Number of protein chains: 4
Amino acid sequence: MDQGIFTTYESEVRSYCRTFPTVFTKAKGSLLTDQDGRTYIDFFNGAGALNYGHNPEYIKRALIDYLESDNIIHALDMYTVAKGEFIEAFENRILKPRGYSYKIQFPGPTGTNAVEAALKLARKVTKRTGVFALMGCFHGMTLGSLALTSDLGSRAGAGVPLGNVTHMPAPYMFGDEFALNYVRTVLEDDHSGIDKPAAIVIETVQAEGGVYAFSNEYLRGIEKIARDNGILLIVDDIQVGASRTGTFFSFDRAGITPDMVVLSKSIGGYGMPFALTLFKPDLDIWTPGEHNGTFRGNQLSMVAAKCGIDLTIDQQVEAGTVRRGQIVSDFLTREVAPLDDSIQVRGLGLIWGIDVAEEELAQKISRACFDKGVILERAGRKNAVVKLMPSLVIPDEVLVEGLGVIRDAVAEVFAARG
Amino acid sequence: MDQGIFTTYESEVRSYCRTFPTVFTKAKGSLLTDQDGRTYIDFFNGAGALNYGHNPEYIKRALIDYLESDNIIHALDMYTVAKGEFIEAFENRILKPRGYSYKIQFPGPTGTNAVEAALKLARKVTKRTGVFALMGCFHGMTLGSLALTSDLGSRAGAGVPLGNVTHMPAPYMFGDEFALNYVRTVLEDDHSGIDKPAAIVIETVQAEGGVYAFSNEYLRGIEKIARDNGILLIVDDIQVGASRTGTFFSFDRAGITPDMVVLSKSIGGYGMPFALTLFKPDLDIWTPGEHNGTFRGNQLSMVAAKCGIDLTIDQQVEAGTVRRGQIVSDFLTREVAPLDDSIQVRGLGLIWGIDVAEEELAQKISRACFDKGVILERAGRKNAVVKLMPSLVIPDEVLVEGLGVIRDAVAEVFAARG
Amino acid sequence: MDQGIFTTYESEVRSYCRTFPTVFTKAKGSLLTDQDGRTYIDFFNGAGALNYGHNPEYIKRALIDYLESDNIIHALDMYTVAKGEFIEAFENRILKPRGYSYKIQFPGPTGTNAVEAALKLARKVTKRTGVFALMGCFHGMTLGSLALTSDLGSRAGAGVPLGNVTHMPAPYMFGDEFALNYVRTVLEDDHSGIDKPAAIVIETVQAEGGVYAFSNEYLRGIEKIARDNGILLIVDDIQVGASRTGTFFSFDRAGITPDMVVLSKSIGGYGMPFALTLFKPDLDIWTPGEHNGTFRGNQLSMVAAKCGIDLTIDQQVEAGTVRRGQIVSDFLTREVAPLDDSIQVRGLGLIWGIDVAEEELAQKISRACFDKGVILERAGRKNAVVKLMPSLVIPDEVLVEGLGVIRDAVAEVFAARG
Amino acid sequence: MDQGIFTTYESEVRSYCRTFPTVFTKAKGSLLTDQDGRTYIDFFNGAGALNYGHNPEYIKRALIDYLESDNIIHALDMYTVAKGEFIEAFENRILKPRGYSYKIQFPGPTGTNAVEAALKLARKVTKRTGVFALMGCFHGMTLGSLALTSDLGSRAGAGVPLGNVTHMPAPYMFGDEFALNYVRTVLEDDHSGIDKPAAIVIETVQAEGGVYAFSNEYLRGIEKIARDNGILLIVDDIQVGASRTGTFFSFDRAGITPDMVVLSKSIGGYGMPFALTLFKPDLDIWTPGEHNGTFRGNQLSMVAAKCGIDLTIDQQVEAGTVRRGQIVSDFLTREVAPLDDSIQVRGLGLIWGIDVAEEELAQKISRACFDKGVILERAGRKNAVVKLMPSLVIPDEVLVEGLGVIRDAVAEVFAARG
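Thresholds, definitions, all that
Residues numbered from 1 in each chain as written. Chains lettered and ligands numbered in written order. Predicted model: local features only at pLDDT ≥ 70, side-chain atom pairs only at ≥ 80, totals over all residues. Heavy atoms only, no water. Helix = DSSP H or I, 4+ residues; strand = E, 2+ residues; numbered from the N terminus. Rg over C-alpha atoms; globule rule 2.2 N^0.38 Å. Areas by Shrake-Rupley, 256 points an atom, 1.4 Å probe, with all protein chains shown as cover. Lys, Arg positive; Asp, Glu negative; His and termini not counted. Charge placed at Lys NZ, Arg CZ, Asp CG, Glu CD. Pairing = 2+ DSSP bridges. Axes fitted to C-alpha atoms, helices over the stretch in contact; angles between N-to-C directions. Contact = heavy atoms within 4.5 Å. Least-squares fit on C-alpha atoms with pLDDT ≥ 70 in both. Buried < 20%, exposed > 50% of the residue type's maximum accessible area, 1.4 Å probe, protein only. Parallel < 35°, antiparallel > 145°, perpendicular 65-115°, else oblique. Left-handed = near helix turned anticlockwise from the far one by under 90°. Nonpolar A, V, L, I, M, F, W, Y, C, P; charged D, E, K, R; others polar. Buried area = accessible area lost by both parts, 1.4 Å probe. Salt bridge = Lys/Arg side-chain N within 4 Å of Asp/Glu carboxyl O. Polar contact = N/O pair within 3.5 Å; in protein donor to acceptor, adjacent residues only side chain to side chain.

Caption draft 1: Geometry of the overall build of chain A. The helix and strand tally for chain A stands at 15 helices and 18 strands. What you see for chain A is a C-alpha radius of gyration of 21 Å, in line with the 22 Å of a compact globule of 418 residues. A principal-axis box enclosing the C-alpha atoms of chain A has dimensions of 55 × 55 × 45 Å. For chain A, the computed accessible surface area is about 11900 Å², with 48% contributed by carbon and sulfur atoms. Within chain A, the 52 negative side-chain charges are centred at a point lying 2 Å from the centre of the 42 positive side-chain charges.

Caption draft 2: Seen up close, the sheet that holds strand S5 (residues 103-105) of chain D. Residues and elements named next belong to chain D. Taking strand neighbours across the sheet as the criterion, the seven strands line up as S5-S13-S12-S11-S8-S6-S7 in an open arrangement whose pairing is mixed. In this open sheet, the two edge strands, each paired with only one partner strand, are S5 and strand S7 (165-168). Neighbour-to-neighbour, the strand axes of the sheet open up by a mean angle of 20°, direction not taken into account. Looking at chain direction, S5 and strand S13 (residues 276-279) are connected through three bridges and run antiparallel. Of the residues in S13, the one forming a bridge with Lys-103 is Phe-279. Against the sheet, helix H6 (residues 111-126) makes contact with S5, strand S6 (131-134), strand S8 (199-202), strand S11 (232-236), strand S12 (260-263) and S13, and its axis sits at roughly 165° relative to S12, the strand it touches most.

Caption draft 3: Representation of the side chain of Asp310(C). Mapped onto the secondary structure, Asp310(C) falls in helix H12 (residues 299-314). If sequence neighbours within four positions are ignored, Asp310(C) has contacts with Tyr58(C), Arg93(C) and Gln315(C).

Caption draft 4: The arrangement of the relation of the copies chain B and chain A in detail. Once chain B has been moved 0.0 Å along the axis and rotated by 180°, it coincides with chain A to within an RMSD of 0.0 Å. Taken together, the rotation angle and the small translation identify this as a two-fold axis. In terms of proximity to the rotation axis, the leading residue of chain B is Leu143(B), whose C-alpha is 2.6 Å off the axis. Comparing contact sets, 100% of the residues at the interface of chain B also lie at the interface in chain A, consistent with an isologous, same-surface contact.

Caption draft 5: Representation of the environment of Phe214(C) within the structure. Residues and elements named next belong to chain C. Among the structural elements, Phe-214 can be located in the loop between strand S10 (212-213) and helix H11 (216-229). The buried category is assigned to Phe-214, whose relative accessible area is 2%. Distance in space between the C-alpha atoms of Phe-214 and Glu-203 is 8.5 Å, their sequence separation being eleven residues. Not counting chain neighbours up to four residues away, the residues in contact with Phe-214 comprise Leu-134, Pro-171, Tyr-172, Glu-203, Thr-204, Gln-206, Leu-219 and Arg-253.

Caption draft 6: View of the relation of the copies chain C and chain B. Superposition record for chain C on chain B: RMSD 0.0 Å, screw rotation 180°, translation along axis 0.0 Å. A symmetric contact is evident, with 100% of the interface residues of chain C recurring at the interface of chain B.

Caption draft 7: Up close: the packing of helix H4 (residues 57-68) of chain C against helix H4 (residues 57-68) of chain D. Running from N to C, H4(C) and H4(D) point in directions that differ by 165°, and their axes come no closer than 10 Å. Relative to H4(D), the element H4(C) lies roughly antiparallel. Like other packed secondary-structure pairs, H4(C) and H4(D) cross with a definite hand, here left-handed. When H4(C) is examined against H4(D), the residues Lys60(C), Arg61(C), Leu63(C), Ile64(C), Leu67(C) and Glu68(C) are found in contact with a partner set consisting of Lys60(D), Arg61(D), Leu63(D), Ile64(D), Leu67(D) and Glu68(D). When grouped by side-chain class, the residues that make up the contact of H4(C) with H4(D) number six nonpolar, no polar and six charged.

Caption draft 8: A look at the environment of Glu88(B). Relative to the helices and strands, Glu88(B) is located in helix H5 (residues 81-98). Judged by its relative accessible area of 34%, Glu88(B) falls in the partly exposed class. The sequence separation of Glu88(B) and Lys306(B) amounts to 218 residues, and the corresponding C-alpha distance is 8.8 Å. With sequence-adjacent residues up to four places away left out, Glu88(B) is seen in contact with Met1(A), Ile5(A) and Arg93(B).

Caption draft 9: Geometry of the sheet that holds strand S16 (residues 374-375) of chain A. With mixed pairing, the five strands of this open sheet are ordered in space as S16(A)-S3(A)-S2(A)-S1(A)-S4(B). With partners counted over all chains shown, the strands left at the sheet margins are S16 of chain A together with strand S4 (79-80) of chain B, one partner each.

Caption draft 10: View of the interface of chain B and chain A. Taken together, the contacts link 107 residues of chain B with 107 residues of chain A. When the buried surface of chain B facing chain A is broken down by residue, Tyr9(B), Tyr79(B) and Phe295(B) rank first, second and third, together holding 10% of it. One can count ten salt bridges joining chain B with chain A. One salt bridge connects Lys60(A) with Asp70(B), and the closest N-O pair in it is separated by 2.9 Å. Taken together, the connections running from chain B to chain A amount to 56 residue pairs in polar contact (both at pLDDT 80 or more). In terms of residue count, the dominant contributor to the side of chain B that touches chain A is H5(B) (eight residues). Note: strand S1 (residues 23-28) of chain A against S4(B), two bridges, orientation parallel. From the neighbouring strand, Val23(A) faces S4(B), where its bridge partner is Tyr79(B).

Structure representation (C-alpha cells):
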C-alpha cells in the first residue's frame, strides 16, 4: 500500500499518521506491525481505547461467533439479547458491587455524543443553560462538547463563538484549595457575572491537558460544592475510566458519586465504537427519542463491551493496573525524571506523562521513540508532555522494554540539546 | 431475555423498542427474528443503514477474515491497509466514474459528526458563521447539527437557544419556484436581516421531514444560487446516499456537484458505524487534528464499507433499486393511495412515504404492520407518514409480500375509522 | 465655526453631516439656518423626532419656566411633579380616550433602550428566547435591538453573531396574504426549525425599510396570529407614532391593541431624549430596578413630552396631519411619480417615500434638494428612497414650496440621466 | 401630586421611588425639596450624574440663553456650533493638557449606548468576539453591555443567555497580584478554554460593585497585559469620570492611557442625557452611520457639557474634590468605622462606601438617613454598601452635616441590633 493513496485523497486533517508515518497491518496485545514487518510496542493504546490490548482472544472469539451466527448487528435502540447481556453485566458486575445506581443511555457510539447527551439532560433537568468546565479539559469536538474543550487549537475550528460554558481553574494551576474556593466564590458572589450552571463537568485525570491527576480532596470538594448549590456533577470518564487509573471508574478512589458519568473509548472492549451516558435514576426525564443517533445500537460493540467487563472482573484488571502502574511510576521517577531538571513526571495507574516543557523536545522524543520501536503520543500545554498509556494487560517484560526505549529517547534528546 | 432488564436499567430515551416491543436475535437479508422465533419483514432497514440487507455474506466473510487474521482494528487516522483499500475503491469505483473530485475526511463514525465537520470547514473557509438549512430537514443531534435539524421535538432537547442557522422554506411548501426565489431574495435584499451564510445544507430527499424528493430543477437552482453568491452547497446524503434513490449519490440525477457531501448510515455496508465528509480539494484547509475523534478509524467499518462499494458496483445495486422502486411505486399508486382520499404517497427509488395526515392513524398502521410481521417506522410532520425503506437487494417476493401487509394494514385502519 | 474641528476630532462614524455639509445654528418651525445665514426647509425632521417642528413656543416657554424655577432636572425614577403631570396627560388625553390600558415604563431616553426593555419583558413573561422581526425593519443599534434590525450595514457593526431573532417576510415582499400565511405556517409546522417566539415585533409603517405602510388587514392578521399562538405583539411606534401617520398611535387605524408599544423620537416633544415602553397591566412582572438607566428620568423631557401631548390634542395635530398628508399625496402622485416610469411614491399621513430604485439617483436628488434649500434623508433598500417627513404642523405654503423643490430636483436628476 | 398616579400607572420596575417615597419638586446645589417643603441633603447625586450639583447657575443660564435664542436643539450628527464648542473645550481643556489624543464619538445619550459602541468598535478592530470584564462590574442594561454587567439581578432580566464575555476576578477578591496573574495565565495557557478577547473593560473604581478603588499598580498591570497581548483596554469612566475621584479621568492617577474611554453621567453637566466614546485615532475605522441613534445630538446636552468643562477647569473642581474627599475619608475613618467591627469604609475622592456586610442593616441605615433628611443609595454585594456620592462642589458645612446624619443613622441601626 503506497502512502500516496492517503496523501492524495485523505484530508489534510489527518494527524496521527504524521507522527507514525508507516502503514500498519497487524495488531496483537501490545504490539503493532507495519507492512514492512516492523513491530512496535504500543504505549499509545488507540488514544486510550484499547485497555485490554489489541485483539484480545476472548473478545475476538465472541465477535466472530456473533458474526458467524447471523445475529443482529445493527439495532438502534431496539431490544436485543446482546444489549440485554451487556446491561446485565454492567449493572451486576460493575455498578452494583460499587454501590452505584445509574440508568444507562446509549447516546451514539462516540464520546462526544455521550457528552452532548449529558449536557442536554443536565440543562433539561435544571432549566439552566450554563456549564462549568475546567481549564485543561478535553470533552470532544462536536459543537456542544467543543464549547467545554479547552485547547485553543480545537476551539479555533468551531467557526462560531462557543458559549454557555465557563472555565474554572484546574486544581494544579493555583492549588486544590484555591480551585475549590474560586468555584465557591463565583457561585456565592452575587456580582460574579457568572450565572449558576446546570452542571460542573470534570475529568478526574486530565489526560489531554497534560496528565494531571486530581486529588481525592479536590474531587470530594467539587462534589460538595455541586451538591450545596444544586448543580449536577458530571464526570467524563471517557479516557481514564474502564480501569485506566486502577479502579473501574476513575472516581472510585475518591468515594464520590457523580450525578452523571460519561464513558467511551475502552468501554468498547476491542476498540469498537461505543459510548454510555449514565445518570441517577431521578434525572431520567428524557422523552423517547429526544436524543438519538443511527449507530447507538451496534451489537458488535455491545458484545465486545460485555466481554470487556468479563475480562475486567475475571482477570482482575484493576489490581493488575495498580501493580503495573507502580512499575511505571518507579521507573519514571528513578530513570527519567533525573535526566534533566526541567522534566516532570506525573500520573496514576497506567496513565503517565513526561512533561519536558518545550514542544520541540517532546516532538523529538516522540519521533525518537517511533524510530526505536515505541509508539506514543503527546498531550498537554504546548503539546510538551509525552504521554504513556500502555494496555492494562501488557506483559511486564514488554512494559519494561518500552520504558527503556522511552528513557533512552529522552536521554538522547536532552543530550543532543547539550 | 426478559424485557424488564431494559425497562429497569435503560433510559426512558429509548424509542424504537416502544414501536417494536420484542427482543430481536437473528437478522439476515430482509428478515429479522425475535427470541420467540417470530420473523419480520424489514422495511425499516436500520433507519437507512442497511441498504445491502442484514448480514450480507460477502461482507460478513470479509469481516470474519479480517478479525481472524488479527489485523489492526482500531487505528484512528493512522495509515492502514484497510483504509487504503477503502479509499482506492471509493475513488476509483465511485467518484472517478461519476467525474467527482473530492478529498475524504473520516470525521468520526456518526452522521452528526460528519455534519459537524462540514459546518466547521464551511465556516472556516468562508469566515462566515451562519448556515441555511431547509424546513423539514434532519441533520443530527449534536449541538452544531441540531441547530440545523428542524423538528421541534429534537430542538427542544438542546437546552440552549440554537443559533447561527436560518431555515428556508422547503420546495414542497410553497413550490419550487418560490423556494428558490425566497432564498435569492433574502440574499439580495440588503434589508432582509439575514446575513450571507457560509453554506446551504440540503437533503435531496427529506426523509425525516416526510419523504419529499426535490426536483432536479430545484436542486440545480439552489446550486446556482449558492455559486452566484459564493456560498458553499453541502448535500447531506446520510440517509438517501449509497444508492437509496437509484443512483449512488442522490444528487447524481440532477447533474449538480455539491461543494461538500456528507455520508453515513449505509456507507458502512453492514450497519457498521462509519461516516465520511467529502469536499472539493481546494476547500481542504484543515490543519492536522483540527477536527478529530477516537473512533474515526474503525477498520472493521473500513472493510465493510469497501465491500459495500464492491457490492454496489458488482451487483448493480443502482439499477436494482430503480427496478424495485418501480414495483413499490406502482403498488402504492394502485393499491394504497386509492384506499382513502386523504392518503398521499411520495417517494423515489426505494424510499417511500404513505402520508395519512394524522398521527393516530399512522401509529395504528405501524402497529398493525408490526402485528402482521412487517417492521417500518414513521416520519414527517405529526409523525403521520408511514415510511417504507426496504433493503435495496430485497428479493421481489419478499418486497411484494411486505407491500401487501402494508396495504392490508392501511385498509384495516381506515376501515376501522369508518 | 470651522468644519475642521469636526473632521479632525469627531469619529468617522458621523454621517448626516456628510449629507448636509454645513454648520447649523438656528432652527424654528420648519426652517433651519446655517452659520452663513442660509435657510433650509426641513423635510428631515430630526429623523422623525420633531413632529411639532423646531422649538415650538409653547414647549419652549414651559422648558424655560421649568429651568428658571430650579425645578428638579435629573431624577431617575424618583417621583416628581413633572413626571406625574406627564403620566396624567398621557393616560387621560391619549390612552383612555382611545380605550387602551397600558402601564408605562421609562426605560431610558432612547428608542433602542425602549426596545431592549420590551424584549426583556416579553422573554421574561413567555419564558421563550426567540423573537420574530420583519425584513425591512429597523429597531435600534444596541445588541438586543440590533438583532432585530434588518439592514446589513447596521448588522455588520455588531461584531458578534446576532441571535434569537427570526426574520419574516414583510407584506410588501410577497403580498399580505403570503406574509401572514408564512408566519402561520412556520408556527404550525412542527418541522419548520423555527421555535415559537416570545414576541412578534413590527412597525406599522417601515420607515427605514423604505416607507412601506402595512394594510389594516395585515395588521389585524398578524395580531390574530399572535393571539392564537400565545405570542406577544409589540408595535415599535418610535418613528411613526406621535401622530405621524394621522393618528396618535400608528395602529389606531387598524383597530388592533398591541401587547406592548414602544415610543420615542417625537414623544419627547422638543427633540428631547425620551422613550416609553408601554404594556398591558398583566404583563408588568418586572422586579424593581430589573431594567434601569441613569437618564430615564430627565424632567425637561417629561415637561416637553407633556406639552407635546397638549399640542397634539389642543391643536388637533392628527387632523392636520391627515389634511397635509393629502396635499403631499396629491402632489407626489401628480407631479413626481409621472416624471419617470421607474419612480414609485409611497406613504401615509406625513411620511412619504420617493423610490427611485437606484442609490446613485437618490443620492443626487438628495444633494440637489440640499443645494436648493431642502433637507431630507434617504432610506430603504440600496438607500434609494428619498424620504419626506416634514413637521406635522408645517405651514401649507412651506410644505408646498418644499414639495416643489423636491419635484424640481427629481426632474433635474432624471433629465440629466437622459 | 398624589403618589397614586405613579403606583397605578408606572411600571413595577420603578425603584428609587421606593427608597425615597416622596414627590420631589425643587433642586439646587446639594439640596432637594419635596412637595411637602421638606429639604434633603443629596449624597445620591442622581446616581453620579450631578457632579456640579443640581441646577448650577452657570450652566442654567447657558441653557436658558440657548433656548431663548431658538438655537437648534435636536441635530443628530449634523455640524452645529454648540457641538463644535463642546469639542473644542473637551480637546483643548481636558484632553490636550493631559496628553491624551482621542477621537470623539457621540454614540447616543446614555452610558450603555457608549459601552455598546465601544464593544462594537473593539470587535471590529480586532476581529475577535470575546471581551473580558471584571467581577463586580456594572456597564449597562442593553444586551451587549448587560453581558458585561456582573450582578445576578440585572443579568436575570436578559431573558437569553449572555455570551461573548468572560469575567475575571476583581483585584480586591484575591489580591492585585493574583488578579493580574490570573488574566495573564488564562491568556498564555493554550488550554485555558478562554479565547483571546477583543478588549478588557474595567472601571478604575467599581461603584456598583461596592465602591472598590483599584490600585495604580493594578491599573498599570492590566494595561501592560492588554498591550502585551494585542488586546484593547477600555475604561468605563461613566460613574467615576468627570473628576469624581479627584482627577478628570479616574485613570489619570495611574498614568495609563486606555485605548478607549467611555463617559456619560456627569459629563452632561446638568444631568442632561449625554455620553461619549473616546478612542485612539488609529482605531477609528467606523464607516459612516455604522452605529447611530436619534438622540446622539441633543444640543442642550452639548451646551451643558461644555459648561461643565468650564466649571471643572475654572473652578478647580479636581482640587476641590481631593480636599473634600479628605474630609469624608477622615470622618468615616474616625467616626463611622469604629462603630462596629463589621464595618468597612472604602473610597477615593468623593465616592465612598460604608460596607455593613448585611443587606438588612444597609437598608435600615438608608431608610434612617432618608428619615433624617439625607438621600443616598446602596450598592455592592448583597446591596450591603451604603454609598456616599455628594456633589463635587458641595459646601463644606452641608457635607459635614450630611456626614453627621449618616454617622447617627449607622450608630442607631447598630445600636438597635444590640
